[in-house]
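Residue-level structure breakdown
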Amino acid sequence: MGQKKDLTGSEKSKIVRYLAEGCSSLKIAKLLKRDHRTIKRFIQNSQRGRKKRVEKPRRKITAHELRKVKRAAAKMPLATSLAIFQSCNITGVPKSTRCAILRDMAKVRKAERRPPLNKTHKLKRQDWAKKYLKTDFSKVLWTDGMRVSLDGPDGWARGWIGKGQRAPVRLRRQQGGGGVLVWAGIIKDELVGPFRVEDGVKLNSQSYCQFLEDTFFKQWYRKKSASFKKNMIFMQDNAPSHASKYSTAWLARKGIKEEKLMTWPPCSPDLNPIENLWSIIKCEIYKEGKQYTSLNSVWEAVVAAARNVDGEQIKTLTESMDGRLLSVLAKKGGYIGR
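In short, a report on the structure. What you see is a predicted model; the values in this text were computed from it and never measured.

Conventions we followed
- Residues numbered from 1 in each chain as written.
- Predicted model: local features only at pLDDT ≥ 70, side-chain atom pairs only at ≥ 80, totals over all residues.
- Heavy atoms only, no water.
- Helix = DSSP H or I, 4+ residues; strand = E, 2+ residues; numbered from the N terminus.
- Buried < 20%, exposed > 50% of the residue type's maximum accessible area, 1.4 Å probe, protein only.
- Contact = heavy atoms within 4.5 Å.
- Areas by Shrake-Rupley, 256 points an atom, 1.4 Å probe, with all protein chains shown as cover.
- Core = buried A, V, L, I, M, F, W, Y, C linked by side-chain atoms within 4.5 Å.
- Arc of directions from axis to C-beta.
- Polar contact = N/O pair within 3.5 Å; in protein donor to acceptor, adjacent residues only side chain to side chain.
- Patch = residues over 30% accessible without salt bridge, like charges linked within 9 Å, V, L, I, M, F, W, Y side chains within 5 Å.
- Salt bridge = Lys/Arg side-chain N within 4 Å of Asp/Glu carboxyl O.
- Lys, Arg positive; Asp, Glu negative; His and termini not counted.
- Charge placed at Lys NZ, Arg CZ, Asp CG, Glu CD.
- Pairing = 2+ DSSP bridges.
- Axes fitted to C-alpha atoms, helices over the stretch in contact; angles between N-to-C directions.
- Parallel < 35°, antiparallel > 145°, perpendicular 65-115°, else oblique.
- Left-handed = near helix turned anticlockwise from the far one by under 90°.
- Nonpolar A, V, L, I, M, F, W, Y, C, P; charged D, E, K, R; others polar.

**Brief notes about the overall build of the chain**
Regarding its fold elements, the chain presents 15 helices and 4 strands. When burial is assessed residue by residue, the chain has 42% of its 338 residues classed as buried. Sequence separation of 24 or more characterises 78% of the internal contacts of the chain that already satisfy a separation of 6 or more. For the chain, the accessible area works out to roughly 20,200 Å², and carbon and sulfur atoms hold 49% of it.

The following block contains the structure:
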């Protein structure tokens, strides 16, 4: 059998299921009619995680290009290294080289955040990964909420500033200016929403269920076929309003119960692919330190950014779940990143 270049998302999902059933890599290769080396490489890479990038010689830039970068850094405060170099029409420079060059003339800082995981959390994450190894994740609706503020997340108003240049002035508000709570879901290559929670509404069990009724069920779920509803699995995290007895019973009356309602391990935002969608949207609406003057304007920005996310990007996120489960098991329930 010939050795193909890449495995498709469907083939990767089948490999994970065959592994869960105890099949050997050689048997999987025969079942998929793929080269044995390709199957072994995928399994090894999934368990090992990402390979460290091999250091390559830096691309040298001319003195004239360096002056252009310095001027661009002064004119584009808080911009990313890629945006600065693109504004100078300098292409083919890897990120490591761009940052090394900018470090000589500017500074940038960003804090890293991770969920706290104790021994119990890690065991529950492993149990969850084992339970759903055979799941067809194209039928799972991944949901979550996100709060967007007028000024963006703390620490995002940072970027490259040329030496000797002053940082731009940002609006300073009392009480933070408020924010908008957004809810959405992704399934296969489709985005559900986003939907806006009414301003001033605190999401408890009752208001959460009413919100789902007015948005998710009326505007999306009811339009789906009976076969789709029968196979769909609904995922939500363990927020108090989601995991309460009231919400669970209400969803059960809607037909979302037992195996159709995915159990979720504690402290596991890194396992939810929709978190990556929120990152894409936030990077777009807050690029270059952008601020907003009203809640409606930031909501409109969220809707516009969501429309620009195409189906292939969403499909990439939902198809990443097989690899995430293998990574959780390989790291014995530890944090896997996003």
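On we go from here.
**Regarding the side chain of Thr135**
When you line up the elements, Thr135 lands in the loop between α7 (119-131) and β1 (140-149). For Thr135, a relative accessible area of 13% gives the class buried. Those residues in contact with Thr135 that sit more than four places away from it in its chain are Arg17, Val140 and Ile233.

**Let's talk about unusual backbone geometry**
The linkage connecting Gly193 with the following residue, Pro194, adopts the cis geometry, with an omega of 5°. Secondary-structure assignment places Pro194 in strand β3 (residues 190-196). In this model, Lys33 sits at a positive phi of 60°, which is unusual for a non-glycine residue. Relative to the helices and strands, Lys33 is located in the loop between α2 (25-32) and α3 (36-48).

**Points about the nonpolar core**
In terms of nonpolar packing, the biggest core is built from 43 residues, with Trp128, Trp142, Val148, Met262, Ile281 and Ile285 touching the most fellow members. Put simply, the parts of the chain that give this core at least two residues each are α7, β1, β2 (179-187), β4 (233-235), α12 (274-285), α13 (295-307), α14 (311-318) and α15 (321-330). When residues of this core are assigned to their parent elements, the largest contribution, 7 residues, is made by α13. Those residues in contact with Trp142, other than ones at most four positions away along the chain, are Phe137, Ala184, Gly185, Ile186, Met235, Met262, Trp264, Asn272, Pro273, Ile274, Thr318 and Met321. Val192, Cys209, Trp250 and Ile256 belong to the second-largest nonpolar core, a separate cluster that totals 20 residues.

**Some thoughts on α14**
Note that an α-helix has 3.6 residues per turn; residues three or four places apart therefore point the same way. Those residues of α14 that fall on the buried side of the exposure criterion are Ile314, Leu317 and Thr318. With its buried residues spanning 95° around the axis, α14 presents them on a single face. Turned more than 90 degrees from where α14 packs its buried face, Glu312 and Thr316 sit exposed. Where the residues of α14 are buried, they touch β1, β2, β3, α12 and α15. Its side-chain oxygen at 3.2 Å from the backbone nitrogen of Glu312, Asp310 defines the N-terminal cap of α14.

**Remarks on a negative patch on the surface**
Negative charge collects at one region of the surface, where Asp189, Asp310, Glu312 and Glu319 lie side by side. By the secondary structure assignment, Glu312 is in helix α14. For Glu312, a relative accessible area of 57% corresponds to the exposed category.

**Considerations on the pairing of β2**
Here β2 lies mainly inside the structure; 8 of its 9 residues are buried. Judged from the 8 bridges that link them, β1 and β2 form a sheet pairing that is antiparallel. Within the sheet, the bridge partner assigned to Asp144 lies in β2 and is Ala184. One ladder, built from 5 bridges, connects β2 with β3; its direction is antiparallel. Within β3, the position partnered with Ile187 by the bridge is Glu190.

**A short note on the packing of α7 against α15**
Between α7 and α15, whose axes approach to 9 Å, the crossing angle comes to 135°. When the axis of α7 is compared with that of α15, the two are oblique. The hand of the α7/α15 crossing is left-handed. From α7, Arg125, Gln126, Trp128, Ala129 and Lys130 reach across to α15, where they touch Met321, Leu325, Val328 and Leu329. Broken down by class, the residue content of the contact of α7 with α15 amounts to 6 nonpolar, 1 polar and 2 charged.

**So, the pattern of salt bridges**
Summed over the entire model, instances satisfying the criterion amount to 11 salt bridges. Here Asp270 and Arg125 are joined by a salt bridge, their closest N and O atoms 2.8 Å apart. On the criterion of sequence distance, the pair formed by Asp270 in the loop between α11 (245-253) and α12 and Arg125 in helix α7 is long-range, its members being 145 residues apart. A salt bridge links Lys218 to Asp214; its shortest N-O distance comes to 3.9 Å. Of the two residues, Lys218 and Asp214 are both situated in helix α8 (residues 205-219); the distance of 4 residues between them amounts to about one turn of the helix. With relative accessibility at 44%, the residue Lys218 sits in the partly exposed group.

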